[in-house]
2 protein chains.
Amino acid sequence: MLKKVILMVCDGLGDRPVKELGNLTPLEAAKTPNLDKLAAKAECGLMHTLGRGKTPGSDTAHLTIFGYPIDQCYSGRGPIEVAGLGLKLQGGDVALRGNFGTVGDNLIIKDRRAGRILEVEPLTRALDGMDVDGVKFIVKPGTAHRAGVIMRGKGLSGAIVDADPHVPDVPVRTVTATDDTPEAKRTADILNKFLLQAHEVLKKHPLNAEREKDGKLPANFLLVRGGGQYKELVHFKKKYDLTACCIAGGGLYKGVGAFLGMDIIDVPGATGLPDTDIEAKFKTVLQKLQEYDFVFVHVKAADSLSEDGNWEGKRDFIEKIDAAAALLTDLSAETLLVVTADHSTASEMKAHCADPVPIMFYGGGGESIRIDNVTAFNERACAAGGLGHIVGLDVMPQVQNLLGKLHLVGA
Amino acid sequence: MLKKVILMVCDGLGDRPVKELGNLTPLEAAKTPNLDKLAAKAECGLMHTLGRGKTPGSDTAHLTIFGYPIDQCYSGRGPIEVAGLGLKLQGGDVALRGNFGTVGDNLIIKDRRAGRILEVEPLTRALDGMDVDGVKFIVKPGTAHRAGVIMRGKGLSGAIVDADPHVPDVPVRTVTATDDTPEAKRTADILNKFLLQAHEVLKKHPLNAEREKDGKLPANFLLVRGGGQYKELVHFKKKYDLTACCIAGGGLYKGVGAFLGMDIIDVPGATGLPDTDIEAKFKTVLQKLQEYDFVFVHVKAADSLSEDGNWEGKRDFIEKIDAAAALLTDLSAETLLVVTADHSTASEMKAHCADPVPIMFYGGGGESIRIDNVTAFNERACAAGGLGHIVGLDVMPQVQNLLGKLHLVGA
């Protein structure tokens, strides 16, 4: 009987055939003997994460794969990123992520990342705890120029635009409401006040004085985006009766794990970049499987490489994933391994797309799973798999089913 | 043109690969030349009866296959079982099934089946027609220790727990409401009163006095369960303009047929057990096809055998079904034969599971049906069938479609 689960999500793994790769996708072009060996003993299929004809973001895709319907559970990227920074959200909080950037006196943006400033903790400390009209601002540093912001107070709304216009050389955007509720209007007004008050604080901050003395751009404005109101979600463990941990390099993915109450496991060398140490991650997966029922492991770089239009780099990175996957070809009989992606990223477009992704359910014991005739793990081979075409919300019920954890409907 | 329909449901036919069967499912391991011959001339597919990732009960599965959505049409097993005893339900009735059991003076259950008493008709007669606070109790015998109960009156609710705790050596459960409505509260109160009054009647019943004299356990308490409020459903004949009959051994399946207004055909030797006379059932199917447009035939034991973890028994019983299916390999050109299961039962778990079941649509004439390349009737072969992955609610529309009975949507 299957009892333990590894869910491996390779970000942006799916793709479209690329002329320069002989009209193969990067995954098809990559030599993947280990993934193919697993697929040959698995039930395979294609997954339309958010449903056919929907292009998933990484945040919505992951929530969906974990069984949290986005129409009920998704309220913007801010709350997820902020959870990934280790901040504890409360129901009703509005959370945003942001960059420290450089603006001139007229609030025109000179640099969205303040010359890629590396350490913003002294700046967030100066802003953390500010109160505007009864709303408390919690401000914590992210990596490099990034920060997380929580607005905590009554009567807030996540229906607001970004202050960050996402391009330089234009003014900071005045935050406005995206619906007609008084809550959204009030939230926008308070956030605007806060950003201007924060600008005053940052302008005078000694760290910026020092930076200017050294000829560096001052980090004098907090460009926030991705605002969303946190709704308390049932934690993964409670929802599925499975203890769970998250092994990821990228902040967003740690954020998703934290958001759902998984324990976040830091792995030295797991960077979320092409140089990441995948073997170290998979070794940690096998270790943590002793402690946890469910281990989520995320591998990022295939997505970033295709967003750069680098299909060869993507193909090579996939071969690196495959090499590390040798560690997963000898699992115990009680272990279920699910391998998939959150979405496809079309290297030709340098963007996410709605093409489905391959998925396999592999059982270490070789029994219990309806192994099909698919012998290669890629987009077109898996189209003939026994699972057929599934959606992201089908993944966890099938995990529960195989583990004997579904409730009977009827009698 | 197809005009007549046989729907054969083999209960719990689907399964998972079993190590001891060479990682084949019992259906795959069974030699099924007749079913395979039919499949080779059929359009096949896989059915997720209640939708992917839902584990069907037998009651909900059958309602769904017959085109009755359970969110609108299912209100517990009680009403279906009671209909199967031949009782006529009225809208608003609360129906329950139950056992005659043995309790001590403190209402602690000694035996849930009163020593498997074989004949309870004198006991049900003593209780039938009792009135409690204006609610009439209709009590009729089922097979052996079983009975059916209808509560008839105004302002009742099916939102109540079972009085049967499903285990011995604990007290009878006091019935409570599962929602906050006054109707549920009242129904629970009246049912509790009835059960205690019935207990008094049963204690003094001559049949029990006689049993005790013979050293047998008295059948002195009616342990009810599966309560549900009957909602009048459009009968099958009216819904589909097809006269229909039901050939089944098990009470629940006769109940489903009766519930939907099908004529119930009793076949001597149809027991619902592994010793059932499948040939007699299939011969009756062919006979009744002269009289009826639609013949539903149910074969039970594959389910029970896998619930016992007896995969070899299941495989052998499937071979018995197949042998009898020789009778169905020479159907008239106007006959559509649909063969499927209500759900899979995983022998490894001894429980129903959400894995899909094979389904085939076979036309006696060899025409009209888009025969696909599937040449074996089993879980994995049918995954490659022309129907793809369907749900239970797709079955009857496809039957109607093949019979030319679907209405045009639009013009």
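Bear in mind the structure is a predicted one, so any value in this text is a computation, not a measurement.

## Comments concerning the relation of the copies chain B and chain A
Overlaying chain B with chain A gives an RMSD of 0.2 Å, the required rotation being 120 degrees about an axis along which the chain moves by 0.1 Å. Put plainly, the chains are arranged around a three-fold axis. A different interface surface on each copy is seen, since only 3% of the contact residues of chain B are contact residues in chain A too.

## Focus on helix 2 (residues 33-40) of chain A
Residues and elements named next belong to chain A. Buried within helix 2 we find Asn-34, Leu-35, Leu-38 and Ala-39. Along the axis of helix 2, the buried residues cluster in a sector spanning 140 degrees; they form a single face. Opposite the packed face of helix 2, turned more than 90 degrees from it, sit the exposed residues Pro-33 and Lys-37. Each element contacted by the buried residues of helix 2 is listed here: strand 2 (42-48), helix 13 (311-325), strand 12 (335-340) and strand 15 (357-363).

## Looking at the pattern of salt bridges
All chains considered together, the criterion is met by 41 salt bridges over all chains. The salt bridge partner of Arg-315 of chain A is Asp-316 of chain A, with a shortest N-O separation of 3.1 Å. Given a relative accessible area of 22%, Arg-315 of chain A falls into the partly exposed group. For Arg-77 of chain B, the salt bridge goes to Glu-81 of chain B, with nearest N and O atoms at 2.9 Å.

## Quick word on the domain arrangement of chain A
Residue and element names in this part refer to chain A. Domains assigned within chain A are domain 1 (4-73 + 233-402) and domain 2 (81-229). Between domain 1 and domain 2, the residue contacts involve six residues of the former and four residues of the latter. With both sides pooled, the region where domain 1 packs onto domain 2 buries about 330 Å², and carbon together with sulfur makes up 73% of that total. Counting every contact that joins domain 1 to domain 2 gives zero salt bridges. Across the contact surface, domain 1 and domain 2 share zero residue pairs in polar contact (both at pLDDT 80 or more). Considered class by class, the residues forming the side of domain 1 that touches domain 2 number three nonpolar, two polar and one charged.

## Details of the sheet that holds strand 1 (residues 4-10) of chain A
All names here are of chain A. Taken in spatial order, the eight strands line up as 10-9-11-1-12-15-2-16 in an open sheet, and their pairing is mixed. Two strands in the sheet have a free side with no partner beyond their single neighbour: strand 10 (263-265) and strand 16 (388-391). Averaged over all neighbouring strand pairs, the angle between strand axes comes to 25 degrees, with direction disregarded. Judged from the four bridges that link them, strand 2 and strand 16 form a sheet pairing that is parallel. Across the sheet, residue His-48 finds its bridge partner in strand 16, namely Val-391. Where helix 11 (residues 278-288) meets the sheet, its contacts fall on strand 1, strand 9 (244-247), strand 10 and strand 11 (294-299), and the angle it forms with strand 11 comes to roughly 175 degrees.

## Remarks on unusual backbone geometry
Negative phi characterises most residues that are not glycine, and trans characterises most peptide bonds. All names here are of chain B. One non-glycine residue, Asp-133, adopts positive backbone phi at about 50 degrees. Locating Asp-133 in the fold gives a position in the loop between strand 6 (131-132) and strand 7 (135-141). Positive phi, close to 70 degrees, is recorded for His-166, a residue that is not glycine. Of note, His-166 is situated in the loop between strand 8 (146-152) and helix 7 (182-203). For His-166, a relative accessible area of 38% corresponds to the partly exposed category.

## Thoughts on the interface of chain B and chain A
On the chain A side, the residues contacting the 32 residues of chain B number 23 residues. Between chain B and chain A the total buried area reaches about 2000 Å² when both faces are included, carbon and sulfur atoms providing 50% of it. Across the chain B-chain A interface, the total number found is one salt bridge. Residue Arg-52 of chain B pairs with Asp-394 of chain A through a salt bridge whose shortest N-O separation is 4.0 Å. Joining chain B to chain A, the criterion identifies 20 residue pairs in polar contact (both at pLDDT 80 or more).

## Focus: the sheet that holds strand 12 (residues 294-299) of chain B
Residue and element names in this part refer to chain B. With respect to topology, eight strands assemble into an open sheet ordered 11-10-12-1-13-16-2-17, the strand pairing being mixed. One side of each edge strand has no neighbouring strand; the edge strands of this open sheet are strand 11 (263-265) and strand 17 (388-391). Going from strand to strand, the sheet's axes swing by 25 degrees on average, the running direction of each strand aside.

## Here's the deal with the nonpolar core
The biggest cluster of nonpolar side chains holds 92 residues, and the ones touching the most others in it are Phe-66, Phe-236, Phe-282, Phe-294, Leu-336, Met-360 and Phe-361 of chain A. Looking at which element gives the most residues to this core, the answer is strand 1 of chain A, with six residues. In this structure, this core is formed jointly by two domains, domain 1 (4-73 + 233-402) and domain 2 (81-229) of chain A, each of which donates at least three residues. What Met-360 of chain A contacts, discounting residues up to four positions off in sequence, is Leu-35, Leu-38, Ala-39, Ala-42, Glu-43, Cys-44, Leu-337, Val-338, Val-339 and Phe-377 of chain A. Of all hydrophobic cores here, the second largest spans 91 residues; its members include Tyr-253, Val-256, Leu-289 and Leu-331 of chain B.

## Remarks on helix 5 (residues 77-84) of chain A
Residue and element names in this part refer to chain A. Of all eight residues that make up helix 5, six are buried, and the element is covered over most of its length. When helix 5 is considered as a whole, its buried residues turn out to be Gly-78, Pro-79, Ile-80, Glu-81, Val-82 and Ala-83. Packed against the buried residues of helix 5 are helix 3 (58-65), strand 3 (94-103), strand 7 (146-152), strand 8 (221-229) and helix 10 (251-259). Count one or two residues on from helix 5 and you reach Gly-86, which has phi positive near 95 degrees.

## Points about the side chain of His-298 of chain B
Residue and element names in this part refer to chain B. Following the sequence through the fold, His-298 ends up in strand 12. You can call His-298 buried: its relative accessible area is 0%. Each residue touching His-298, except ones within four places of it in the same chain, is listed here: Val-9, Asp-11, His-62, Ile-247, Ala-248, Tyr-253 and Lys-281.

## Quick word on the pairing of strand 9 of chain A
Residue and element names in this part refer to chain A. Of the two faces of strand 9, both are covered, the one formed by Ala-244 and Cys-246 as well as the one formed by Cys-245 and Ile-247. Here strand 9 pairs with strand 11 via four bridges, running parallel. Each bridged residue has a counterpart across the sheet, and for Ile-247 the counterpart in strand 11 is Val-297. Alignment of strand 9 against strand 10, held across three bridges, turns out to be parallel. By the bridge assignment for strand 10, Ile-247 is matched with Ile-265.

## A look at the packing of aromatic side chains
Scanning all chains against the criterion turns up 14 aromatic pairs over all chains. Ring centres of Phe-236 of chain B and Phe-294 of chain B lie 4.6 Å apart, and the angle between their planes is 55 degrees; this geometry places the pair in the tilted category. Of the two residues, Phe-236 of chain B is situated in helix 9 (residues 236-240) and Phe-294 of chain B in strand 12; the sequence distance between them amounts to 58 residues. Exposure class is identical for Phe-236 of chain B and Phe-294 of chain B. Each is buried. Three or more aromatic residues joined by ring pairs make a cluster, and in this case those are Phe-66, Phe-236, Tyr-240, Phe-294 and Phe-296 of chain A. The ring of Tyr-68 of chain A carries the charged tip of Lys-239 of chain A above its face, separated from the ring centre by 4.9 Å.

Parameters at a glance
Residues numbered from 1 in each chain as written. Chains lettered and ligands numbered in written order. Predicted model: local features only at pLDDT ≥ 70, side-chain atom pairs only at ≥ 80, totals over all residues. Heavy atoms only, no water. Least-squares fit on C-alpha atoms with pLDDT ≥ 70 in both. Contact = heavy atoms within 4.5 Å. Buried < 20%, exposed > 50% of the residue type's maximum accessible area, 1.4 Å probe, protein only. Helix = DSSP H or I, 4+ residues; strand = E, 2+ residues; numbered from the N terminus. Arc of directions from axis to C-beta. Salt bridge = Lys/Arg side-chain N within 4 Å of Asp/Glu carboxyl O. Domains from an automatic or database assignment. Buried area = accessible area lost by both parts, 1.4 Å probe. Polar contact = N/O pair within 3.5 Å; in protein donor to acceptor, adjacent residues only side chain to side chain. Nonpolar A, V, L, I, M, F, W, Y, C, P; charged D, E, K, R; others polar. Pairing = 2+ DSSP bridges. Axes fitted to C-alpha atoms, helices over the stretch in contact; angles between N-to-C directions. Core = buried A, V, L, I, M, F, W, Y, C linked by side-chain atoms within 4.5 Å. Phe/Tyr/Trp six-rings, centres within 6.5 Å; stacked < 30°, edge-to-face > 60°. Lys NZ or Arg CZ within 6 Å of the ring centre and 35° of its normal.

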